[in-house]
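Structural features, examined
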Amino acid sequence: MPSFFSISMNRILNFAKRYPLTSLLVVAIWVLCLIPTVPETPLSSFSLIDKWTHLVMYGTLVAVIWWEYTRQHTTNNTRRLLLLAFLAPVAMGGLVELAQAYCTGGRRSGEWFDFAANTIGVVLGTLIGILLAAYRARARRDT
């Protein structure tokens, strides 16, 4: 009888095969958010650049989730999309902020405003995803 760990690992690997860009973005976000120091860039002088970065990261993540989902499925499962493309990224944003606050030895800080920016990015990515799904549905109907 297979163990819980092997079943979970198989599910994770299957997900990574079906959603490779999503998987890559999830790993990249975790790495970027947990590196000890944020490098200086020419954009560092812009007001609230950190919040804009969070918004863009999570908006991109969710838009890619929708894109890969609509590529894999001919019909949309609303419950699955709500979980995969909305609730999971919001939860991940909260977990990232908690990990920054409690697991980086004080080198990074978890912030409520970062979590808010993550969530706004998820909402914007969802709006883009809904438009993408509608476009793909119309394209399928026309062919």
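Being a predicted model, the structure only gives us computed values, none of them experimental.

Each helix and strand counted, the protein has 5 helices and 0 strands in total. Sequence-ordered secondary structure for the protein, helices as α and strands as β, is α-α-α-α-α. Here the C-alpha coordinates of the protein stretch approximately 50 × 45 × 25 Å along the principal axes. Per-residue burial for the protein yields a buried fraction of 31% across its 143 residues. Pairs at least 24 apart in sequence give 75% of the contacts found in the protein among residues at least 6 apart. On the protein, roughly 9600 Å² of surface is accessible, and the fraction owed to carbon and sulfur atoms is 71%. Here the protein holds 13 positive side-chain charges and 7 negative ones, and the gap between their average locations is 16 Å.

Proteins that are soluble and globular tend to have nonpolar side chains buried together. Ile29, Tyr58, Leu61, Trp66, Ala85 and Met92 are the most contacted members of the largest nonpolar core, which has 18 residues in total. Among the elements of the structure, α2 (20-34), α3 (49-72), α4 (78-103) and α5 (112-142) are those that each provide at least two residues to this core. No other element matches the 7 residues that α3 contributes to this core. In contact with Ile29, not counting residues within four places along its chain, are Met57, Tyr58, Leu61 and Met92.

Predicted coordinates in regions of low pLDDT should not be interpreted in detail. This prediction gives the protein a mean pLDDT of 89; 94% of its residues lie at or above 70. Across the protein, α2 holds the top mean pLDDT of 95, while helix α1 (residues 4-18) sits lowest at 81.

Before going further, it helps to examine the packing of aromatic side chains. Where two aromatic rings form a pair, the distance of their centres and the angle of their planes describe that pair. Summed over the entire model, instances satisfying the criterion amount to 2 aromatic pairs. Note on Trp112 and Phe115: the rings are 6.3 Å apart at their centroids and 80° apart in plane angle, and the pair reads as edge-to-face. Highlighted residues: Trp112 and Phe115, both in helix α5, separated by 3 residues, approximately one helical turn.

Criteria and thresholds
- Residues numbered from 1 in each chain as written.
- Predicted model: local features only at pLDDT ≥ 70, side-chain atom pairs only at ≥ 80, totals over all residues.
- Heavy atoms only, no water.
- Helix = DSSP H or I, 4+ residues; strand = E, 2+ residues; numbered from the N terminus.
- Buried < 20%, exposed > 50% of the residue type's maximum accessible area, 1.4 Å probe, protein only.
- Contact = heavy atoms within 4.5 Å.
- Areas by Shrake-Rupley, 256 points an atom, 1.4 Å probe, with all protein chains shown as cover.
- Lys, Arg positive; Asp, Glu negative; His and termini not counted.
- Charge placed at Lys NZ, Arg CZ, Asp CG, Glu CD.
- Core = buried A, V, L, I, M, F, W, Y, C linked by side-chain atoms within 4.5 Å.
- pLDDT = per-residue confidence, 0-100.
- Phe/Tyr/Trp six-rings, centres within 6.5 Å; stacked < 30°, edge-to-face > 60°.

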